Amino acid sequence: MNREELLNLFAERKRSNDAKITMFRCSGREITAALTFKRNFEESGFSCGNAILDNTDSEYRLEVPQEAREFRSGLLLNHDLACPGDRILFEALIDDEVVASQEAGFECGKEEIIFPLDGAKEVTFRARSLSEHPQVAFYWVDPEIIMPGGDVVAMAGIKAWPGCLLPDFDYDGIPFVTSKWQQRTAELDKNKFMNEFVSGDGKIKISVEIRLYPEFNAVEYRPVLENISAERSGIIENFRSLAWGKACEFMPHYGHGGEFRSVFIRRNYGTKSNFLDFVAQPVILNNNTVYPRDCSRKAEMVSDEGRSSAMWLPFWGVDMSPSEGLLVGLGWTGAWRADFELDEGLFHMSAGMLKTRFYMEPGEKFIQPSVLVMFRENQSIEDGQNQFRRLLIEKFAPRDDEGNVRQNEIPVAVFGGIKTATHLKYIELFEKFKFPYEIYNIDAGWYGYGENHDVFTGTWDMETGNWRVNPAHPNGLRPISDAAKKIVNTVSIWFEPERARRGTDIIMEHPEWFVDVGEGNLLLNLGDPDALQFLIDMTIDLFGTNKIDQLHQDFNFDTLPHWASLDSPDRTGVAEMKYIAGLYAYWDALHAHSPEILVDHCASGGRRIDIETLRRGYVFWRSDAQCWPDNDIVQNQIQNYYLNEWFPFHTGGVWVVPNEHDEYNFFSSVSNGISDCTFIYKHEVPDPKEFDYAYHASLVREALRIRPYFLGNYYQLSHEPENLENWCAYQFHCGEKGMVMMFRRPESPNEDEVFRLREIEPDATYELEIHGQTEKVRLAGRELRHYSVSLSPRSFQLVYYKKIND
């Protein structure tokens, strides 16, 4: 789509209830589905834009918002499903009285029907058989209603949601329709626009900031609501940032004749810190128009807590056909829902906050979820996924001062509660063995009044909220930071600023800043300007004093009850809107103070993944499933397999067991970086005689080598890795080189597999380097593209390849 086509998606919002058709068939049985039209139809030498196949006895009740002037349609008997001599009577009824009629027969061509409607708002159209056959098949050809002033309403589009990306909602019970709001469009930059809509009562202004990415067939936008009057506004309800629909194309039914339409929704779980984190959960929506079956016509994704990727990953694909569809990313670091419906070939989806019903006070301004939509046109699903990945890499990843994408750095985490001297010993050891770490992460336990000698004892958990450096570090964290900066680029700390335990200093000093629902955890209300400013100032001071560069932000509880406690029936959703706006303001203030500060979004491991968090930082800890050294390593394989399909900037936890040299374990965890947590529960520096540090460092160097490949095109080579009998294999391709990772699980019965590699030129020659083997191998492209491998149980193969230009 070009720039103008993308911008036109925001030109107009119409509503399906501007007009309504109810279909009755076989003497009064109501059919609630929409009309099923063919497009670009041809029959018996006649062509049209839209036609519907019908048969007698049938009735359609049309309701329109204004007084209709005229009905026009073509009428054509179906020569395949009708017989010579068949005739039908087509009638229009107003208040149960026939006001116009016309006959058509098998021998006729296309009959033109023009019925005056004399200002009626409700009309019934009836088709009856005049032959010995009780049902005669025929077509309505381009039926339409002429409205006052000459406006034409095509019946083919009455229940179709228009191809529009403007938000959808009700204002004081009236649906949002652009024609009833004042509209202004301003061009802010070449591919950046602002559409503004002002309500008829002059109270509500909706600003939709639009960013076009024509090179990706994509657009991003965010609605913002503002009360621009001096009075309280009316009620805004059921606000949906995304409300998009389209009529599906007919697809062949290879069973007992007829036709059906299907839409394939590709979606993934979020994370609950278990085996199924990020696993795909696709659903097919289907309408069978011949023989109704128990097919899914609706689907939904609904948050069950106040963190964006806890229940569902806020990215999904909609496949209208193998070559057409769209991909969506939602930007809302709170609770959300997405709904999908297929109604007789008319597909509609919407997405927004869980529930909204609120008025706005004068001067209030509320942000809504942002939306990224990429249209897939004449493109395979696999190619579309890779284009979406590139879109996130090029337009949403943080960049350095020179404009380059900042890849995930590799952190090592050490428990913050151990003494400064022990931290310095760790840093000295990492320098001695040349570990290529890039981040030194001071994990939890560095704060409070008591000392925390290890993770399992001490007061660090109950002192969450006492954000003062504890006695283990009498000179603060600065000595650790100064020493660490000799071997790493960045020093980060574990920090959970939004939560405080009951009884901590800050709650005692400012109880008005916190939301208390009677639990042990209280929520710092970032919707309170004073609380927000305190957090910004406190973080900047903490980072500056201790020379900290990066925020490893955890967030370990569900906020939905806290937000709900602040709302009233006519202010539903307001607390969350204010909070999320405050959260973004917090991150943006840190970045404005120091552009080098990044946020590592932890949130119980991977529960804050959305387009707004990705543009502000990374995911260095994608799941708490890796919190313990004895975690089932296959979880990392599964998470890599599925998350890589959407974006590359995530890492899993790596535990290196002393002297075991378990590379299967290590490389199962490697992605666009690693999070090395080997030492986090080691509260004294392990003796080099008992720990192979040099080997450990060599593994980290290999992870650094792997990292850039994750920015290439990604291909899933195996299937359903959550089934442990299957191998787990995937490929990254970058120009003329690439990498393949293949894992045979202990449960996999097959020792041999053949994987179809993508983007391999059959007539080219490739040089292969297999990890662990000293000699390189050359293969013809036709051999490499169907790569054969044999592995023993619980083993892997890592292959680097590059094209040889002899």
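Up top is the structure.
Visitor: Sorry if this is basic, but what is going on with the overall build of the protein here?
Guide: From N to C terminus, the protein includes 14 helices and 49 strands. Projected onto the principal axes, the alpha-carbon positions of the protein cover approximately 100 × 70 × 45 Å. The buried share among the 806 residues of the protein stands at 58%. For the protein, the proportion of contacts with a sequence separation of at least 24, taken over those separated by at least 6, is 71%. In the structure as shown, the protein presents an accessible area of about 32100 Å², 47% of it carried by carbon and sulfur atoms. Charged side chains of the protein number 83 positive and 125 negative; the gap between the two group centres comes to 2 Å.

Visitor: Explain helix α3 (residues 420-432) here, please?
Guide: Residues spaced three or four apart along an α-helix point in a common direction, a consequence of the helix completing one turn every 3.6 residues. Along its 13 residues, α3 runs 19 Å from first to last C-alpha, staying within 8% of the 18 Å computed at 1.5 Å per residue. Of the positions making up α3, those classed as buried are Thr420, Thr422, His423, Tyr426, Ile427, Leu429 and Phe430. Along its buried surface, α3 packs onto β30 (411-414), β31 (439-442), α4 (478-484) and α13 (693-706). Lys434 sits one or two residues past α3 and shows a positive phi near 55°.

Visitor: Would you explain the sheet that holds strand β35 (residues 521-524) in this entry?
Guide: The strands that make up a sheet are held in pairs by hydrogen bonds between backbone atoms, and each pair lies either parallel or antiparallel. Reading across from one edge, β33-β35-β34 is the order of the 3 strands in this open sheet, with antiparallel pairing throughout. Each of the sheet's edge strands pairs with one partner strand only, and the pair in question is β33 (499-501) and β34 (514-515). For β34 and β35, the ladder comprises 2 bridges, and the chain directions are antiparallel. Bridge assignment links Phe514 to a residue of β35, and that residue is Leu524.

Visitor: Would you mind going over the nonpolar core with me for this structure?
Guide: Grouped burial of nonpolar side chains is what soluble globular proteins tend to show. Membership of the largest hydrophobic core comes to 180 residues, with the highest contact counts inside it found for Leu242, Trp316, Phe340, Phe347 and Tyr440. Top element by residues in this core is helix α8 (residues 574-593). It accounts for 10 residues. One finds Ile94, Ala104, Val123 and Met155 within the second-largest nonpolar core, a separate group that totals 30 residues.

Visitor: Whenever I open this one, the packing of aromatic side chains confuses me. Can you help?
Guide: In this description, a pair of aromatic rings is defined by centroid distance and the angle of the planes. Applying the stated criterion across every chain, the model contains 65 aromatic pairs. With 6.1 Å between their ring centres and 75° between their planes, Tyr766 and Tyr801 make a pair best called edge-to-face. Residue Tyr766 is located in strand β46 (residues 765-770), and its partner Tyr801 is located in strand β49 (residues 795-804); the two are separated by 35 residues in the primary sequence. Judged on exposure class, the residue Tyr766 and its partner Tyr801 are both buried. An aromatic cluster is built from Tyr426, Phe430, Phe433, Phe435, Tyr437, Phe679, Phe691 and Tyr693, whose rings are joined through pairwise contacts. When the ring centre of Tyr359 is taken as origin, the NZ or CZ atom of Arg232, which lies over that ring, is 4.0 Å away. Against the face of Tyr800 rests Arg705, its NZ or CZ located 3.7 Å from the ring centre.

Visitor: What is the right way to look at the packing of helix α6 (residues 529-546) against α8 in this model?
Guide: If you want to describe how two helices pack, look at the angle between their axes and the distance between the axes. The N-to-C vectors of α6 and α8 enclose an angle of 30°; their axes lie 10 Å apart at closest approach. In terms of orientation, α6 lies roughly parallel with respect to α8. The handedness of the crossing between α6 and α8 comes out as right-handed. When α6 is examined against α8, the residues Leu532, Leu535, Ile536, Thr539 and Ile540 are found in contact with a partner set consisting of Gly582, Ala585, Tyr586, Ala589, Leu590 and His593. Classifying every residue of the contact of α6 with α8 gives 8 nonpolar, 3 polar and no charged.

Calculation criteria
- Residues numbered from 1 in each chain as written.
- Predicted model: local features only at pLDDT ≥ 70, side-chain atom pairs only at ≥ 80, totals over all residues.
- Heavy atoms only, no water.
- Helix = DSSP H or I, 4+ residues; strand = E, 2+ residues; numbered from the N terminus.
- Buried < 20%, exposed > 50% of the residue type's maximum accessible area, 1.4 Å probe, protein only.
- Contact = heavy atoms within 4.5 Å.
- Areas by Shrake-Rupley, 256 points an atom, 1.4 Å probe, with all protein chains shown as cover.
- Lys, Arg positive; Asp, Glu negative; His and termini not counted.
- Charge placed at Lys NZ, Arg CZ, Asp CG, Glu CD.
- Expected span 1.5 Å × (residues − 1).
- Pairing = 2+ DSSP bridges.
- Core = buried A, V, L, I, M, F, W, Y, C linked by side-chain atoms within 4.5 Å.
- Phe/Tyr/Trp six-rings, centres within 6.5 Å; stacked < 30°, edge-to-face > 60°.
- Lys NZ or Arg CZ within 6 Å of the ring centre and 35° of its normal.
- Axes fitted to C-alpha atoms, helices over the stretch in contact; angles between N-to-C directions.
- Parallel < 35°, antiparallel > 145°, perpendicular 65-115°, else oblique.
- Left-handed = near helix turned anticlockwise from the far one by under 90°.
- Nonpolar A, V, L, I, M, F, W, Y, C, P; charged D, E, K, R; others polar.

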